[in-house]
Amino acid sequence: MVRRSLLSAVILAACAGDFDQLLQQGGAYPISDGTSGSTADDPSPASTTASTADASATIGEATSVSASATDGGTESDGATGTTTDDGKALPVNVEVFLTPTSVDKVGEVQVAVWTSRPVAAIDVFDGDVPLALGATPGDPVCVFEVTSDNVPGDGTHTIRAVAHAADGVSGQAEKDLTIDVAPGGTDVWPPYVQAGPINGFTSATLLDDAAIAAAGFYETQQGLEAIAVKIDGATGKLEAGPVALGKVALASAGSGPAIAASDDGAVFVASTQLGPTWAVSKVWLDDPLSFEWKATGDPKTKALAVTVAGPFVIVVGGIEISPGTHDLRVWWLAAEDGALLHEAPFAASLADDPPNDLDEIGRGVAIVDDEVIVVGERLIKGGDTKIYRRAVVLRYSLAGEPLDEWTSPGELLTEDGAMGVTPLRGGGFVTVGWGRNKGTIRQVLTRWFSAAGEAGPVRVEPTPGSDAIGYAIGEDREGKIIIAGSRKQPATDMDAWIFAIPGPLGAHVWDVVRDGPGHGPDDAPGLAIGPWGHVSIAGSEFAELQPRAFALRLYP
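Calculation notes
- Residues numbered from 1 in each chain as written.
- Predicted model: local features only at pLDDT ≥ 70, side-chain atom pairs only at ≥ 80, totals over all residues.
- Heavy atoms only, no water.
- Salt bridge = Lys/Arg side-chain N within 4 Å of Asp/Glu carboxyl O.
- Helix = DSSP H or I, 4+ residues; strand = E, 2+ residues; numbered from the N terminus.
- Buried < 20%, exposed > 50% of the residue type's maximum accessible area, 1.4 Å probe, protein only.
- Pairing = 2+ DSSP bridges.
- Axes fitted to C-alpha atoms, helices over the stretch in contact; angles between N-to-C directions.
- Core = buried A, V, L, I, M, F, W, Y, C linked by side-chain atoms within 4.5 Å.
- Contact = heavy atoms within 4.5 Å.
- Phe/Tyr/Trp six-rings, centres within 6.5 Å; stacked < 30°, edge-to-face > 60°.
- Lys NZ or Arg CZ within 6 Å of the ring centre and 35° of its normal.

Novice: Tell me what's going on with the pattern of salt bridges, and back it up with residues and numbers.
Specialist: As enumerated under the stated definition, the model contains 23 salt bridges in all. One salt bridge in this structure joins Asp167 and Arg117, with 3.1 Å as the shortest N-O distance. Pair noted here: Asp167 is in the loop between β7 (155-164) and β8 (170-179) and Arg117 is in the loop between β3 (107-115) and β4 (121-126), with a separation of 50 residues, a long-range link. Like Asp167, the residue Arg117 is buried in the burial classification. Of the charged contacts, one joins Lys282 and Glu292 as a salt bridge, the two residues approaching to 3.5 Å between their closest N and O atoms.

As structure tokens, then:
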């Protein structure tokens, strides 16, 4: 969506004005993101600009212009350059310059304005919709964003600038901007597919160069191995790897291996290796590949998710109490050398579960502001003596201090679980997973939480007759929620399912279903969203009789 921030005469700024204030002044929310402008006669060297001395050289060529002057204002003598020889106020001639001059991909559009004499303020509009009111002249006067084919919308937009001089004279100009951005959910490049023996991707993250770092598994002569690869973000080609990180006991959607990246470009892969035991490896997916350290945990432990918070690597999973039963565990490791710093257990109390046969397991983790948010599922005893599986959310400080815990009340569906979590740009976080009435098929369930951790709206994607689950979740620059998972289509196996929703209410913005060429389950557990909303997906699909890894990059 178009974003605003306060303008300044000394810094480059975004479009001025609070949105609520614009509405109070009769404006509507901006619906276009392009560049338009108008031209006038070539400015003379004596003219004054509100942007640059030679805007056309640095901003772009203007194509049309209109200017008008109004009677009135204060008189000034000829030395000020605001009156003619007969004492009448000089008109204010205006030109609009846009960078870029047309838009075919998401990004910023800069609006620069030239005026024939100094002005006090400039208003900028998309048609009749205000983008900036009373902006201080500067270069640029206004910056707004094209974030998808819907915001502000494909088509022709007329960007109009009205300049106001201190003596009451005003002038205006406009320029048309054409926006033609690829529809959301379409491929940026042809999907990457890893040919060869059994393999699949189970997690994804982004690196600083927009490359995709994916974790997964490959079949080797020694069995299934955890691996990491780097896929070029511009081309979708394999750039580095695979690097083998050890034999794994678990390798599937929702069970890892999982991957996270630190600010310095290192990646951390968490997996459940033979034993079982959790394991974390720190590697650099550069040329050449380099392996820094590997840390392992106690026997019977499992690692299903991982994230990085400054000097800490945080691993989420559980410890096996008996077959099919776990106590949830969170481990804090030193990013520098893998040393175990702290361990946080979570399980039902002895009073509620004397034999410790209720399962609790961690599935996902994210950093939200200065907290660690862990999500997963647990078994509880209902008032009807039945056992129900419910989503659980745990909040910790960055150093591992427990802050709060929440268990789903099952208010919409009697059972649910949380698989992924992501922070929200406006504060708080959102989780995704599954929900169902006991004994029925699963449906994708999404739940919003406030910054204080209070549970909010719940959304269920109705898929009658089709089992579905969300593995990963993210928010793009517009505020759309992107969910990656899988869904059973009629008369088919599970297919990878990626879709965008506007929030707790509203129809899907776009949907992508990926059905592999073979007969077998396809899934999309890896999701990463770029700074401009591009969606990167890593998953596994069946080709003939065995799985293969795939990666996608989709337009926002």
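Read on, since the account is not over.
Novice: Let's hear about the pairing of strand β5 (residues 129-135): which residues, and what values?
Specialist: Burial runs high along β5: five of the seven residues are buried. Following β4, the chain reverses through two residues before pairing antiparallel with β5; Gly127 in that reversal takes a positive phi of roughly 65°.

Novice: Tell me about the sheet that holds strand β25 (residues 402-407), residues and numbers included.
Specialist: With respect to topology, four strands assemble into an open sheet ordered β22-β23-β24-β25, the strand pairing being antiparallel. Both outer strands of the open sheet, β22 (360-368) and β25, are each paired with one neighbouring strand and no more. Averaged over all pairs of adjacent strands, the angle between strand axes in this sheet comes to 20°, irrespective of strand direction. Sheet analysis places strand β23 (residues 371-381) next to strand β24 (residues 387-397), joined by eleven bridges and oriented antiparallel. Bridging from a neighbouring strand, Leu379 pairs with Arg389 of β24.

Novice: Summarise the sheet that holds strand β30 (residues 468-475); cite the residues concerned and give the values.
Specialist: Spatial ordering of the open sheet is given by β30-β31-β32-β33, a layout of four strands whose pairing is antiparallel. A strand with exactly one partner marks an edge of an open sheet, and here the two such strands are β30 and β33 (510-514). The mean inter-strand angle of the sheet, taken between neighbouring strand axes irrespective of direction, is 20°.

Novice: How would you sum up the nonpolar core? Please name residues and give values.
Specialist: One finds Val111, Ile122 and Val124 to be the most contacted residues of the largest nonpolar core, which totals 28 residues. Looking at this core, the elements with two or more residues in it are β1 (94-99), β3, β4, β5, β6 (142-146), β7 and β8. Look past the residues within four positions of Val124 in its chain and what remains in contact with it is Val111, Val129, Pro130, Leu131, Ala132, Val141, Cys142, Ile159, Arg160 and Ala161.

Novice: Talk me through the packing of aromatic side chains; I want residue IDs and the actual numbers.
Specialist: Evaluated as defined, the whole model comprises seven aromatic pairs. A cation over a ring is seen here: Lys438 above Tyr388, with NZ or CZ 5.4 Å from the ring centre.

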